[in-house]
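# Notes for the structure review
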Amino acid sequence: MGQETTNAAAIRQESTAYSVRSSLRVPGPADRAFRVFTDRLADWWVKEYTWSGPELLARIGIESGVGGMAYEIGPHGFRADWGRVVEWQPPRRLVFTWQIGPDRAPVPDPSKCSVVEVRFDPKADGTTLVEVEHRDFDRHGEAAEGYRTALTAGWHELLSRYATTVRNSPRN
């Protein structure tokens, strides 16, 4: 479940040399959209985008609260932390570091990693506008613009699967 995609045209994207902004509307309230994004990452994250790969990935998630880690657990208990939560404001906002370099190597220094900010804006029609900004690609060095281009496509795929997961989630 969750590995299907939604209507790709429903996701809007714009980019600059060092950032990409994506937005989409999902059905239901912001608290549900936030929970699916954070608590159900395994249901919508593309398994091929992990270090462990689809056959060996045991778990993927985002730990709640400032200082929590975005992580994956692979074979034999291998754990890879690929980001750190720097802002946790459920159900409206989440900010985490993206500590994966253009070569897919870990970036342990937070000052040299990019940042992902996710905002959940409830609308009067019962939907939630979800806005994802992945910024500060210049911190990744010479490959920054190419990395941003690759992650523009990556975020499009991820958010398409996320929207499908939200749509298929229980309404409470």
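Preceding block: the structure.
A few points on the structure. All values derive from a computational prediction rather than experimental measurement. Each chain has its residues counted from 1, following the order in which its sequence is written. For a predicted model such as this one, the threshold for reporting local features is a pLDDT of at least 70, and the threshold for listing and counting side-chain atom pairs is 80 or more; totals across whole chains, interfaces and linings nevertheless cover every residue. Here the side-chain values reflect all heavy atoms present in the structure, with hydrogen atoms and water set aside.

## Here's the deal with the environment of Glu 117
Under the convention used in this document: Segments assigned H or I by DSSP are reported as helices when at least four residues long, segments assigned E as strands when at least two residues long, and all are numbered from the N terminus. Contacts are assigned to residue pairs that have any heavy atoms within 4.5 Å of one another. Polar contact is the term for a pair of N or O atoms within 3.5 Å; when the atoms are in protein, one must be able to donate a hydrogen and the other to accept it, and sequence-neighboring residues count only if both atoms are side-chain atoms.
If you trace the backbone, Glu 117 turns up in strand S7 (residues 114-122). In this structure Glu 117 touches Arg 93, Leu 94, Val 95, Glu 131, Val 132, Glu 133 and Arg 135, once residues within four positions along its chain are discounted. A distance of 2.7 Å separates the side chain of Glu 117 from the side chain of Arg 93, its partner in a polar contact. Side chain to side chain, Glu 117 and Arg 135 meet in a polar contact 2.8 Å long.

## Remarks on the nonpolar core
For clarity, the threshold we go by: Here, nonpolar core means buried Ala, Val, Leu, Ile, Met, Phe, Trp, Tyr and Cys residues that are tied together by side-chain atoms lying within 4.5 Å of each other. When accessible area is computed with a 1.4 Å probe and restricted to protein chains, residues below 20% of their type maximum are described as buried, those above 50% as exposed, and intermediate ones as partly exposed.
Grouped together as the largest cluster of nonpolar side chains are 39 residues, with contacts concentrated most on Phe 37, Trp 98, Trp 155 and Tyr 162. At nine residues, the largest contribution of residues to this core is made by helix H3 (residues 144-167). Other than its neighbours up to four places away in sequence, Tyr 162 contacts Leu 24, Val 26, Ala 33, Phe 34, Val 36, Phe 37, Trp 44, Phe 120 and Val 130.

## Here's the deal with the layout of surface pockets
What counts is decided by this rule: Cavity means a closed set of points on a 1 Å grid over the protein atoms alone, one where a 1.4 Å probe fits but cannot get out, pocket means an open set with protein on both sides within 12 Å along at least 5 of 7 lines, and lining means a residue has an atom within 4 Å of a point. Grid points are joined across faces, edges and corners, and a volume is the space filled by probe spheres set on the points.
The calculated volume of the largest pocket comes to roughly 290 Å³. Every residue lining the largest pocket is counted, 17 residues in all, and those nearest its centre are Tyr 49, Trp 98, Arg 104, Tyr 147 and Leu 151. For the lining of the largest pocket, the element with the most residues is H3, which contributes six residues.

## With respect to the packing of aromatic side chains
Note the threshold: When two rings of Phe, Tyr or Trp (its six-membered ring) have centres within 6.5 Å they constitute a pair, described as stacked for plane angles under 30 degrees, edge-to-face for angles over 60, and tilted for the intermediate range. Cation placement over rings: the criterion is NZ of Lys or CZ of Arg within 6 Å of the ring centroid and within 35° of the ring normal.
Within the structure shown, the criterion is met by 14 aromatic pairs. An angle of 50° between the planes, with centres 6.0 Å apart, marks the rings of Trp 98 and Trp 155 as tilted. With a gap of 57 residues between them, Trp 98 in strand S6 (residues 93-98) and Trp 155 in helix H3 connect regions that are remote in the sequence. Exposure class is identical for Trp 98 and Trp 155. Each is buried. For Arg 79, the ring lying beneath its charged end belongs to Tyr 71, and the centroid distance is 4.4 Å.

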